[in-house]
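# Commentary on secondary and tertiary structure
These are the residues of each chain, in order.
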Amino acid sequence: MPTTHDLLSSVFGFDAFRPGQNEIVDAVAAGRNTLAIMPTGGGKSLCFQLPALMREGVTVVISPLIALMRDQVRALREAGVEAGALTSGNTEEETSAVFEALDAGRLKLLYMAPERLASGSTLTLLRRIGTSLIAVDEAHCVSQWGHDFRPDYLRIGALRKTLGVPLAAFTATADEETRTEIIERLFDGAAPEVFLHGFDRPNIHLAFAVKDSPRKQILAFADARRGQPGIVYCGTRAKTESLAHALSESGHSACAYHGGMEADARRTVEGRFQTEDGLIVVATVAFGMGVDKPDIRWVAHADLPKSIEAYYQEIGRAGRDGAAAETLTLFGADDIRFRRGQIDESLAPPERRMADHGRLNALLGLAEALGCRRQRLLAFFGETSDPCGNCDMCDNAPVLFDGTEAVRKALSAILRTGESFGAGHLIDVLTGNETDKVRQRHHNNLPTFGVGREFDRREWQAIFRQMMGHDLVRPDPDRHGALRMTEPARPILRGEAEITLRRDTISKATGRTVVKMLVAEEDAPLLSALKAKRRALAETARVPAYVIFTDRTLIEMAEKRPQTLDEIARINGVGATKLDRYGQIFLSVVTGAEVDPVHPTRRKLAGKSEASVYDRLLEVQAELARGEAGIDKPMSCSASLLAKVATLRQADMGALSRIIGDRRAERFGPAFLQVLREA
Ligand code: ADP
Ligand code: ZN
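Since this is a predicted model, take the numbers as computed values, not measurements.

### Points about the overall build of the chain
Counting secondary structure elements, the chain contains 32 helices and 18 strands. Seen along its three principal axes, the alpha-carbon backbone of the chain occupies a region of about 115 × 60 × 45 Å. Counting the 679 residues in the chain, one finds 52% classified as buried. In the chain, of all internal contacts separated by at least 6 residues, the share reaching a separation of at least 24 is 71%.

So this is what it looks like as structure tokens:
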């Protein structure tokens, strides 16, 4: 029986588990009920796919999205695993192929949409085929309070009881309530083994920038990443269209995506994003849940997301393959007003609205952070960490100043004008600008009039934005966005607390211009060549590019430049099946030459320790082909015989004769044994 590590490398081509995977795989393979909470991109699918290969019978995978299921099935087949899906998107041939494989007892993984569970025949089917494990992807869909509730998920618990098999549930949603609900509904309250795994996504670069001219900022960000697939999230549908247009105008391949589009048009975009190499999708949040593309290289927010959870989920779609990915989130005072307004105007009960303000605050805190962004983000999820070295704040330390005095002046202006005005008028008062409105209200007679002349208008705007970001003031929904002071501001006003602000976002909105390259400059041409080959293969096979090899695998090839099949077999992501199918093709891209065809038997040994033994045996055999003296009748062993000899553990003459026969043993035996001893 192969071990988990054997399967990990031979089938999936990975040489190590990601954090947490190993323990989960062990628990699931051992047939224990499990609930695993892992961030998006953490590698959840492997945690049920690998155990499925180790267990007798069929693993049934319940997943909410057809596109996702089809992708996984495709990827598994590419890796040489028998998997199939029964979905409403199947063609008749696909469905009958699945049943054929089931009847022949070949299928290891059967993907199924939850809707199927409603039909009685499904239960009969799952019994008949010997279901031995149920895996539930996106298990939070069972939660009635979440955004993704799927009523049919409620049938899974009963299914588990009827079949009497273990269940493994997976989700990226970690909060306590959802977790409790999953346990209740899927496991009938009987506590499964719970794995809660870290939320850090260290390969994603985090950056925020104050909106200056947002369209230009997004275009610049995309320009610097030309040809790399990315997503731009926008707050409104109209903006997705205009920004997609602007990107296309400047030579990008880009399209819009939003909930108002016909289902067909949406599917077309999803399909293109999956298969095309460098498409940019400009989308509202409606885009994402159905996208299972591990090689999204960047995510930009043209508008501030609505909460820290939404932010985390949206940036989390980048870089799921583990290779470097970049993000940029734009924000400004208007965004804050817009998001606050959305919450205030929602019909949710007051406690809910308060919680929503809190989650927006957490995101604003991140946007206005004075130190490492990741530290702050992880702290929100209850994790402590060191400064990350992979965010804009770690790249360039921010310039800070003591903002206590400025904030006090602003608060005083707000209070003395009866908390009835927006930032524009308040800034007029602070800078001593005698407008008509100022004179009409006699605000030029206030003691605060003109006390803030040390900052200009633009600087004051940045201070007000930061005050909103720190939730010291909030737009009043009942008074057209007039700013009101909040409780946390009181100690600052009274001189009991101080506040530090950023100066660099005051003087000028800064955008990071250095772009991290995926590989060093000298490896870049090879990486493009490898990608081009991958694209050609993907097009012929009609699969997304990453199904052939992920970016990460190609990057490693470009850096390590394998010269032989054995070396290419050791690259992360090159499993046995893919090595067999694509090894030589990619090798010839790296070496720039036709690769001599390798015997299929030898190919199967590639990357293993037996490979060099096999090569030695072949040499020795060639030397002895006509006997010691070179005058005997030519004789040789077939490749498969040599492969058997190469894998021989306890080698002696007897064992050798049994494999290659007495006559060949007579000629090659001693030399072969010598090779085996030296190995
Ligand atoms: P999610 O947790 O979001 O479902 P996936 O299962 O789709 O994540 O995995 C994300 C990516 O990580 C995939 O491209 C997958 O092939 C890759 N991956 C998973 N496990 C490993 C591993 N042990 N080593 C390298 N890559 C891995
Ligand atoms: Zn950092």
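### Points about the coordination of the zinc ion (ligand 2)
The zinc ion (ligand 2) binds to the protein through Cys-372 (SG), Cys-388 (SG), Cys-391 (SG) and Cys-394 (SG), with metal-donor distances spanning 2.3 to 2.4 Å. Note that the zinc ion (ligand 2) binds four donor atoms; their angles at the metal cover 101 to 119°, and the shape is tetrahedral. Look at where the donors of the zinc ion (ligand 2) fall in the sequence and you get C-x15-C-x2-C-x2-C. Residue Cys-372 is located in the loop between α14 (350-367) and α15 (373-380), and its partner Cys-388 is located in the loop between α15 and α16 (392-395); the two are separated by 16 residues in the primary sequence. What makes Cys-388 partly exposed here is its relative accessible area of 25%.

### As for the side chain of Arg-667
With respect to the helices and strands, Arg-667 occurs in helix α32 (residues 662-678). Contacts of Arg-667, omitting those with residues within four sequence positions, involve Leu-624, Ala-625, Arg-626, Gly-627, Asp-632, Lys-633, Pro-634 and Met-635.

### Some details on the pattern of salt bridges
This structure, assessed with the given rule, holds 48 salt bridges. Residue Arg-297 is joined to Asp-551 by a salt bridge in which the shortest nitrogen-to-oxygen separation is 2.5 Å. One end of the pair, Arg-297, is in the loop between β12 (280-283) and β13 (298-301); the other, Asp-551, is in helix α25 (residues 551-560), with 254 residues separating them in the sequence. In this pair, the class of Arg-297 matches that of Asp-551, namely buried. The salt bridge partner of Glu-405 is Arg-408, with a shortest N-O separation of 3.9 Å. Taken together, the residues Glu-405 and Arg-408, both in helix α17 (residues 404-416) and three residues apart, mark about one turn of the helix. Via salt bridges that share partners, Asp-277, Arg-297, Asp-321, Arg-534, Arg-535 and Asp-551 belong to a single interconnected network.

Definitions and cut-offs
- What you see as residue numbers is a count from 1 along each chain, following the sequence as written.
- Think of it this way: whatever chain is written first is A, whatever ligand is written first is 1, and the rest follow in order.
- For this predicted model, a pLDDT threshold of at least 70 governs which residues receive local features, and a threshold of 80 or more governs which side-chain atom pairs are given and counted, while totals over whole chains, interfaces and linings are taken from all residues.
- As a convention, hydrogens and water are excluded, and side-chain values are obtained from all of the structure's heavy atoms.
- Here a helix means four or more residues in a row that DSSP labels H or I, a strand means two or more in a row labelled E, and each is numbered from the N terminus.
- Burial classification: accessible surface area is computed with a 1.4 Å probe over protein chains only, and a residue below 20% of its type maximum counts as buried, one above 50% as exposed, and the rest as partly exposed.
- Only heavy atoms matter for contacts: two residues are in contact if any of them lie within 4.5 Å across the pair.
- Note on donors: an N, O or S atom is included if it sits within 2.8 Å of the metal, or within 3.2 Å for Na, K and Ca, and water is never included, so sites can look incomplete.
- Each label reflects the angles at the metal, where four donors whose angles all fall between 85 and 135 degrees are tetrahedral, four or six donors whose opposite pairs open beyond 155 degrees and whose other angles stay between 65 and 115 are square planar or octahedral respectively, and the rest are irregular.
- Think of a salt bridge as a Lys or Arg side-chain nitrogen and an Asp or Glu carboxyl oxygen that are within 4 Å of each other.

That's the geometry; what it means functionally is another story.
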